[in-house]
Amino acid sequence: MGDSLEERLGSMELESTMKDEFCTDIGPPFKENAATAEDWQKALNKVVPAVVVLRITSCRAFDTDSAGASSATGFVVDKRRGIILTNRHVVKPGPVVAEAMFLNREEVTVYPMYRDPVHDFGFFRYKPDAIQFLDYEEIPLAPEVACVGLEIRVVGNDSGEKVSILAGTLARLDRDAPHYRKDGYNDFNTFYLQAASGTKGGSSGSPVIDWQGRAVALNAGGKLSSSASAFFLPLERVVRALKFLQKGGDLYTRKWEPISIPRGTLQATFLHKGFDEIRRLGLQSETEQMVRHASAEGETGMLVVESVVPGGPAHNHLEPGDVLVRVNGEVITQFLKLETLLDDSVEQKIELQLERGGTPLSVRLLVQDLHSITPAHFLEVSGAVIHPLSYQQARNFRFQCGLVYVSEPGYMLFRAGVPRHAIIKKFAGEEITKLEDLISVLSKLSRGARVPLEYITYMYRHRRKSVLVTMDRHEWYAPPQIYTRDESSGLWTAKAAFQPVSMLPSSGVNGEATDKEHRHQDNHQELTDVATSMETSCEDASAELRSQDETVNSEKKTATENAVLRDHQEATASASIAERVMEPTLVMFEVHVPQSCLLDGVHSQHFSGTGVIIYHSSSLGLVVVDRNTVAISASDVMLSFAAYPIEIPGEVVFLHPVFNYALVAYDPLALGTVGASAVRAAELLPEPALRRGDSVYLVGLSRSLQATSRKSIVTNPSAALSIGFADCPRYRATNMELIELDTDFGRSFSGVLTDEHGRVQAIWGSFSTQLKFGCNSSDDHQLVRGIPVYAISQVLDKIISGANGPPLLINGVKRPMPLLRILEVELYPTLLSKARSFGLSDDWIQALVKKDPVRRQVLRVKGSLAGSKAENLLEEGDMVLAVNKEPVTCFRDIENVCQALDIGDNGGNLNMTIFRQGCEIDVLVGTDMRDGNGTTRMINWCGCVVQEPHSAVRALGFLPEEGHGVYVARWCNGSPVNRYGLYSFQWIVEVNGKPTPDLDAFVNITKELEHGEFVRVRTVHLNGKPRVFTLKQDLHYWPTWELKFDPDTAIWRRRMIKTLDCCDL
């Protein structure tokens, strides 16, 4: 396997039992070890061509495995039928796409043929005719040859690249099955072989051969310690399974007839323990004597029950510590005999004779079909993978098989706090015992609905945890689908889990509920028109009674709400003036970002913080918050109000492209009459600006939505913000002067700064940054500073008065949103004393001091955004002395002259006087118009998320000349781009030789590509380095789709561009 999976399967527990450390098994003398170097060379010449590199992509998380890409080894065991043997953890229990590369670099697609439910082996199949240039033979399986002292060779691949041959000697034939992980795949009920061959990443599935070229075992895993031990799976059950598969036909076919391989289980785990330990468990001496006499010579122990899965055939019949004596009258001391008997007795009863603490007992148990408790389907909803609990995980967690198991929480469940490996017990008030129950409940829920969910985990199995699940309001993901394994093709086929008719928006800030109710009333009116003649006075009386009941209920509800509000006001009577004034205006944010659209380099999926209401009317509410809480527009926002106990959704309506704030809208009608009257908008006080030494009140919310305040002193009202570039380019506030205080509540506390009358002078906001440690390590960090409200007040006035910009639907009403004129240049201040050293004249120094005697600074250019109108006009290090012949000394001066351009007729240009390399020059610099929408469109192709380059990328100062409209923002585990290495921080500039200058051109090119087609991609990295590589398109598991914000409905819409079953749309 590749490094990722091999490390997982090789991470063995370091503790060893006495049996692990000491082994006295000595095999009989044999002649095989007399093999010469020439004999080994002949064997290897025959074996090596049949060993293949397997490159595996797990397309979805399923059962014990996560989605991802890795590599492993396999070898041909049936050339005519095209069958390759490898490990079960390579074949995977879930959806997988794989290729096999032979010694001469010929590559073929392979399909899963069989994976054993318990033991670590499985088979791929391939088309033999596809190998045209290599002469190779299948490797025969000879499990009977394995014995202690046998000299072996492990022929595998070093991390999936080169053939490696490791020598060793079999040291043990009766090692316990290795335990890899407590919540992952583990083999059991079998012996393993052990040798000190030191296998490593990529060698899983390698053949363990003798000098005659026969496979005597299958390499499975290793111990990550100095002992360099490797563990090999015996081949007896592999040979049996292969014989069954070979009965399916003599030749390869694309779709083969699935063969059922009988596998039986009691859902009990046995361990082989020595007679010395079994005696301590109470084994009678007479029984030991009988077993030794009836067993093969050299038998050293018996099988003992280690664990029993609840709800299985052995539950309440077998107990840990039970010693197995006979099965159907035959003495059984070896795993192989027991498993053979179980596999031959599926759906039949068998009799087990045991000893429990020295007391004999006999039980009859029904042998269960092992395949019936191995899931072969799953539900995919909002990125989550949910399926029946498998036998593997039921054994790990001690739960009953078939429970509803969360293999991957995705977005909807992650947002609610449901972890991986959770067992869903109740959803929307209904008990969930099987997957069909969950699907039935989901089919009844509408978009945006919020329902409770109860779950348990294996760590806290005795307590149910209850969370609130919110159905996706936007089309972040495809509608719920059921994937089912098709045994004849090796693929998983998808179909709709239910009709999506019910998945209509239920409520929200944009009036979906009103439209739905209106449609419902229209349909209801048609029905009542038909039945008018059936109306009676009795019905009129009933309607009158219902109306009276509704009136009474409404009055009761209002009375309850008023009581709640009155109690809250009484409880806050002792608060400070600032707290009482500001509490009705404060809002707590909970923001979640779907994994499917982590745009603009956003560094987390969950944010929280405090905002303040700056506008509140009967039809519109607006809240301002920092952009470290609302980072991108593709988010789900929930608002909790301090003045009234209610939580409602909000919608991002404005993201300032430069300054660190965002505006979020809410629907006042969702608050109810009492709630809408309890909250109010804060009074903004943009002027006069705060000065050093001023007293302010820092007011915010605690986690319990309690208003908290403290009086502080302004120590610096104009601290220049300086945040460095993050490893992954993301939003970074620039050109801002911030307010610093002498004391605050720490870097995680946000809120507002007010005067003694509760008027807001600044937003106390959070800024995202990164702390660097050395060259290769960094840590996400945040700081809090005051943001003056003058810029917020200006944008608010434009929204309320009706800006001259693109319209956006807010609460069912289209409102024009403002466009901002920006000089896309990052500036920083330099003291005039430093500027003098650079040669700035005394006249300009005096002019700048006269303009601003407090700051005494000059602005310098740090860099221009790539693609901006200023890019080729201003250079790094330029000193900005004046704009339109007026001296400028701070960021606000630049902002004011940019806004003034909207009034005059000057083409949006600034006449800037700059000082460059000792010379004073005048430059005409253009400005750019930007909206507050953020990124509103993305394409998912082959599992990579592409978008237009956002401002944080452009701020690095580079865009490829070949085209820069298709920037790779993210990639998905288990996708083709994961398999072939198309990662973030690069532009796709060509596909199959065709330029892709923008997203439209990219869509037009990629929608012509077919499933399974190899695509030649040319990229340019952020560092400017070009690269050309190929990847194989997979439309079966990774269709091409688009997510775009629709301003007419204020909904993110998902559009399918190309799938396997449909043409381009």
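Reading guide: rules and limits
- Residues numbered from 1 in each chain as written.
- Predicted model: local features only at pLDDT ≥ 70, side-chain atom pairs only at ≥ 80, totals over all residues.
- Heavy atoms only, no water.
- Helix = DSSP H or I, 4+ residues; strand = E, 2+ residues; numbered from the N terminus.
- Buried < 20%, exposed > 50% of the residue type's maximum accessible area, 1.4 Å probe, protein only.
- Contact = heavy atoms within 4.5 Å.
- Areas by Shrake-Rupley, 256 points an atom, 1.4 Å probe, with all protein chains shown as cover.
- Pairing = 2+ DSSP bridges.
- Axes fitted to C-alpha atoms, helices over the stretch in contact; angles between N-to-C directions.
- Disulfide = S-S within 2.5 Å.
- Phe/Tyr/Trp six-rings, centres within 6.5 Å; stacked < 30°, edge-to-face > 60°.
- Salt bridge = Lys/Arg side-chain N within 4 Å of Asp/Glu carboxyl O.

Peer 1: Just to check I follow, could you spell out the overall build of the protein for this structure?
Peer 2: The helix and strand inventory of the protein stands at 22 helices and 60 strands. Counting all 1065 residues of the protein, 55% fall into the buried class. Partitioning the intrachain contacts of the protein with sequence separation of at least 6 by distance along the chain shows that 68% fall at a separation of at least 24. When the accessible surface of the protein is totalled, it reaches about 45000 Å², and 51% of it is carbon and sulfur.

Peer 1: What should I look at first to understand the sheet that holds strand β2 (residues 68-78) in this one?
Peer 2: Sheets are built from strands that pair by backbone hydrogen bonding, the pairs being arranged parallel or antiparallel. Strand order in the closed barrel formed by six strands is β1-β2-β3-β6-β5-β4, with antiparallel pairing between adjacent strands. Neighbour-to-neighbour, the strand axes of the sheet open up by a mean angle of 40°, direction not taken into account. In the sheet, β2 pairs with strand β3 (residues 83-86) via three bridges, with the strands oriented antiparallel. Counterpart to Phe75 in the pairing with β3 is Leu85. The strands touched by helix α5 (residues 236-246) within the sheet are β2, β3, β5 (107-115) and β6 (122-125), with β6 carrying the most contacts at an inclination of about 35°.

Peer 1: I'm lost on the environment of Ile921 in this one. Help?
Peer 2: Structurally, Ile921 is set in strand β50 (residues 919-926). For the pair Ile921 and Leu881, spaced 40 residues apart in sequence, the C-alpha to C-alpha distance is 9.9 Å. Excluding residues within four positions of it along the chain, Ile921 makes contact with Met912, Thr913, Ile914 and Arg916.

Peer 1: How do you make sense of the state of the cysteines when you look at a structure like this?
Peer 2: Covalently bonding the sulfur atom of one cysteine to the sulfur atom of another cysteine gives a disulfide. Scanning the entire structure with this criterion turns up zero disulfides. Cysteine Cys942 shares no disulfide, and the gap to the nearest cysteine sulfur, in Cys944, comes to 6.8 Å. Its relative accessible area of 0% is what places Cys942 among the buried residues.

Peer 1: Help me out: how do you make sense of the packing of aromatic side chains in this one?
Peer 2: Per the counting criterion, the structure on display carries 23 aromatic pairs. Ring geometry for Phe102 versus Tyr136: centroids 5.3 Å apart, planes at 45°, classification tilted. Here the residue Phe102 occupies a position in the loop between β4 (96-101) and β5, and Tyr136 occupies one in the loop between β6 and β7 (151-158), the gap between them amounting to 34 residues. Tyr136 matches Phe102 in its accessibility class, with the two residues each being buried. Relative to Phe1002, the ring of Trp941 has its centre 5.5 Å away and its plane inclined at 90°; by these criteria the two rings are edge-to-face. One end of the pair, Trp941, is in strand β52 (residues 937-941); the other, Phe1002, is in helix α22 (residues 999-1006), and 61 residues separate them in sequence. One exposure class covers both Trp941 and Phe1002, and it is buried.

Peer 1: Would you take a moment to explain the pattern of salt bridges for this structure?
Peer 2: Opposite charge on two side chains permits pairing when their charged atoms draw close. Following the criterion strictly, the structure yields 54 salt bridges and no others. Close ionic contact of Glu454 with Arg464 constitutes a salt bridge, the shortest N to O distance being 3.1 Å. Taken as a pair, Glu454 in strand β26 (residues 450-456) and Arg464 in the loop between β26 and β27 (465-470) lie far apart in primary sequence, 10 residues in all. One salt bridge in this structure joins Arg892 and Glu687, with 3.0 Å as the shortest N-O distance. A residue pair is termed long-range when its members are at least 10 positions apart, and Arg892 in helix α19 (residues 891-900) and Glu687 in the loop between α15 (672-678) and β36 (695-701) qualify at 205 residues. With relative accessibility at 24%, the residue Arg892 sits in the partly exposed group. What you see here is one network of salt bridges that share partners, running through Asp116, Arg237, Arg240, Arg263, Glu339 and Asp343.

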